[in-house]
Amino acid sequence: MPHTEDRFLNQVRETRPWPERRLELEARFLEILAHAFSRSSAYQGIFKAAGIEPGRVRDLDDLPLLPIVRMSDLMEKQKENPPFGGFETVAAEDIRRIYVNPGLLWQLEDWSYQDTSWAEGLCGAGIKKGDRVLNTFNYHLWPYAFFLDESARMIGATVIPAGVGNTLMQVKVMQALKINAFMGTPSFLNTLIQRAEGLGLNPTRDLFLNKAMVGAEMLPESLRARLEEKLNLTIRQTYGTVFLGCLGYECRYKTGLHVPDNLLIEVVDPHTGMPVEPGTPGEIVATNFNRGYPLIRFATGDLSLFSRESCACGRSGLMLAKVLGRVDQATKVRGTFIHPWQTDGLMARFPEVFKYQVVVTRAEDLDVMTFYVELREDLADTKALVGRLERDIKEFLTIKGQAKVVPRGSIPDFHKKIEDRRRWE
């Protein structure tokens, strides 16, 4: 693969009309659908249960005939048929990596598939050959950092695999290596800037950053404006999932989220699975073209809408508006999705707990996750219990959280297990 961004920019800056490009997506979709019909035991079962026979789906207009697959289906299939639930279509010797997602959800990467969606996102952020990129996403078990690392290689950028933590060293590395590009969450970029200022540095003068691609969490416009002012650069955000890839990315005009060329994206009514009109909110559903691990009409749980506007950058593909919220109670905290089934599993370890609720708030541009718990019986001293809760929250969910014991009756009946009280401008 050429180490240049031109390959990706040429892909997405085509002037061909959308109907012509749609035919290409349709051909790729029908090919991956036939492949899943013949090779994936999970999809064979899913399609059979829905009464779908090979050849029934003939074009993209027939997409609503296919059932939507959700994360809960993936989890259930993996329990029934470990480790990959029958979604895999490659032999064991063809697996390059196995990633471990929160909740012990397994994800394979085969040797042949090359996902270019994140590379498009990097190009949208202005990252190109020769840039030195600090990758602050977590390399431990999870796939995201590896995907971005590989994508930077595709366009010839140099990666410094920093991961999270040790902000003092990271600031020193940024200075010593004159790192000019950043990949990570907006809150961690803010933390690095605060650390630099704590060392007496002027971020604009003493650091060399001139481009930043952020993702994995919401980007409040107030935080974006503050970071752009301190660094004198444009912050561009991406949106995606580890199972599907990059679903949308900003260009320098920040008019919306451009959909990469190697994904089929729908915005549908979450109750019926039928497509909604452009400009109408719905759930984002995506199909990848990964022959080793195909995901067809896979629901993200995120709400958005297709933009009716075109973009001055010249990209002629579909464009999503910003993510508007969630369909279900799953909530992304510090870049990690927290699902009710995960919190249920965690709290099942504590027979002392009668009822619980997770509340997510925001303080100083950082997510705060608090587990409020009611006890079956009063304890003279709850300090030890709180300590065990907070230890297991970190271990089980992979991110830190607070635990607070509240009086009986504090948590209402029929409450949301996870309540997001953050406010985004």
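Residues numbered from 1 in each chain as written. Predicted model: local features only at pLDDT ≥ 70, side-chain atom pairs only at ≥ 80, totals over all residues. Heavy atoms only, no water.

Draft legend 1. Representation of the pairing of strand β7 (residues 235-241). With seven of seven residues buried, β7 lies mostly within the body of the structure. Where strand β6 (residues 211-214) and β7 come together, three bridges link them in parallel fashion. Paired with Val214 across the strands is Gln237, a residue of β7. Direction of pairing for β7 relative to strand β8 (residues 245-249): antiparallel, over a ladder of four bridges. Paired with Thr241 across the bridge in β8 is Gly245. (Buried < 20%, exposed > 50% of the residue type's maximum accessible area, 1.4 Å probe, protein only. Helix = DSSP H or I, 4+ residues; strand = E, 2+ residues; numbered from the N terminus. Pairing = 2+ DSSP bridges.)

Draft legend 2. Seen up close, the sheet that holds strand β10 (residues 263-268). Spatially, four strands are ordered β10-β11-β12-β14 in an open sheet, and the strand pairing comes out antiparallel. Looking at which strands have only one partner, the edges of the open sheet turn out to be β10 and β14 (325-326). As paired strands, strand β12 (residues 298-304) and β14 are joined by two bridges and run antiparallel to one another. Bridged to Asp302 within β14 is Arg326.

Draft legend 3. Local environment of the pairing of strand β4 (residues 158-161). Two elements, strand β3 (residues 132-135) and β4, share four bridges in a ladder whose sense is parallel. Bridge pairing links Arg132 to Thr158 in β4. Between the parallel pair β3 and β4, the chain is carried across by helix α6 (residues 144-154), and the sense of this crossover is right-handed. (Right-handed = clockwise from strand over helix to strand, strands pointing away.)

Draft legend 4. Inspection of the packing of helix α11 (residues 340-347) against helix α12 (residues 383-397) at higher detail. At a closest axis distance of 10 Å, the pairing of α11 and α12 adopts a crossing angle of 135°. Overall, the two elements α11 and α12 adopt an arrangement that is oblique. Here the hand of the crossing between α11 and α12 comes out right-handed. Between α11 and α12, the residues in contact are Gln342, Gly345, Leu346 and Met347 and Leu389, Asp392, Ile393, Phe396 and Leu397, respectively. In the contact of α11 with α12, the residues fall into six nonpolar, two polar and one charged. (Axes fitted to C-alpha atoms, helices over the stretch in contact; angles between N-to-C directions. Parallel < 35°, antiparallel > 145°, perpendicular 65-115°, else oblique. Left-handed = near helix turned anticlockwise from the far one by under 90°. Contact = heavy atoms within 4.5 Å. Nonpolar A, V, L, I, M, F, W, Y, C, P; charged D, E, K, R; others polar.)

Draft legend 5. Fine view of the pattern of salt bridges. Counted by the stated rule, this structure contains 25 salt bridges. Between Lys211 and Asp131 there is a salt bridge; the shortest N-O distance is 3.0 Å. Placement of the pair is Lys211 in strand β6 and Asp131 in the loop between α5 (117-124) and β3, with a sequence separation of 80 residues. Glu197 is the partner of Lys230 in a salt bridge, and the nearest nitrogen-oxygen pair spans 3.3 Å. Linking Lys230 in helix α10 (residues 221-231) with Glu197 in helix α8 (residues 186-198), this pair joins segments that are 33 residues apart in sequence. Classification of Lys230 as partly exposed rests on a relative accessible area of 26%. Judged by its relative accessible area of 33%, Glu197 falls in the partly exposed class. Via salt bridges that share partners, Arg362, Asp367, Asp420 and Arg422 belong to a single interconnected network. (Salt bridge = Lys/Arg side-chain N within 4 Å of Asp/Glu carboxyl O.)

Draft legend 6. Broad picture of the sheet that holds strand β17 (residues 353-363). Across the sheet, which stays open at both edges, the four strands sit in the order β19-β18-β17-β20 with mixed pairing between neighbours. The open sheet terminates on both sides in strands that have one partner only, identified here as β19 (402-405) and β20 (418-420). Across the sheet, the mean angle separating the axes of adjacent strands is 25° when strand polarity is ignored. Of the strand pairs in this sheet, β17 and strand β18 (residues 366-375) are connected by ten bridges, and their pairing is antiparallel. Counterpart to Ala363 in the pairing with β18 is Leu366.

Draft legend 7. Representation of the packing of helix α7 (residues 167-176) against α8 in the model. Axis separation between α7 and α8 bottoms out at 9 Å; the angle between their running directions is 80°. What the angle tells us is that α7 and α8 run roughly perpendicular. Of α8, the residues touching α7 (which contributes Thr167, Leu168, Gln170, Val171 and Met174) are Phe188, Thr191, Leu192, Arg195 and Ala196. Among the residues making up the contact of α7 with α8, the classes are represented as six nonpolar, three polar and one charged.

Draft legend 8. Spotlight on the nonpolar core. Counting residues in each nonpolar core, the largest one holds 44 residues, and the members touching the most others are Phe29, Tyr43, Phe47, Leu66 and Phe87. Sorting the residues of this core by element identifies α2 (18-39), α3 (41-49), α4 (71-80), β2 (105-110), β10 and β11 (282-288) as the ones contributing at least two each. At six residues, the largest contribution of residues to this core is made by α2. Beyond its immediate sequence surroundings of up to four residues, Phe87 is in contact with Ser40, Ala42, Tyr43, Ile46, Val69, Leu74, Lys77, Gly292, Tyr293, Pro294 and Leu295. If you look at the next biggest cluster of nonpolar residues, it comprises 25 residues, including Trp118, Tyr144, Met154 and Ala181. (Core = buried A, V, L, I, M, F, W, Y, C linked by side-chain atoms within 4.5 Å.)

Draft legend 9. The arrangement of the layout of surface pockets in detail. In this model, the second largest pocket occupies a volume close to 790 Å³. The wall of the second largest pocket is formed by 34 residues, among which Trp18, Leu25, Leu264, Ile265 and Leu318 lie closest to the centre. Of all the elements in the fold, those that place two or more residues in the lining of the second largest pocket are α2 and β10. Considering each element in turn, the lining of the second largest pocket owes the most residues, six residues, to α2. A class-by-class count of the residues in the lining of the second largest pocket yields 18 nonpolar, seven polar and nine charged. (1 Å grid on protein atoms, 1.4 Å probe; cavity = no way out; pocket = protein on both sides within 12 Å on 5 of 7 lines; lining within 4 Å. Points joined across faces, edges and corners; volume = space filled by probe spheres on them.)

Draft legend 10. View of empty space enclosed by the protein. For the structure on display, the rule yields one cavity of 30 Å³ or more. The computed volume of the largest cavity comes to approximately 40 Å³. Taken together, ten residues form the lining of the largest cavity, with His258, Val259, Arg315, Gly317 and Leu318 sitting closest to its centre.

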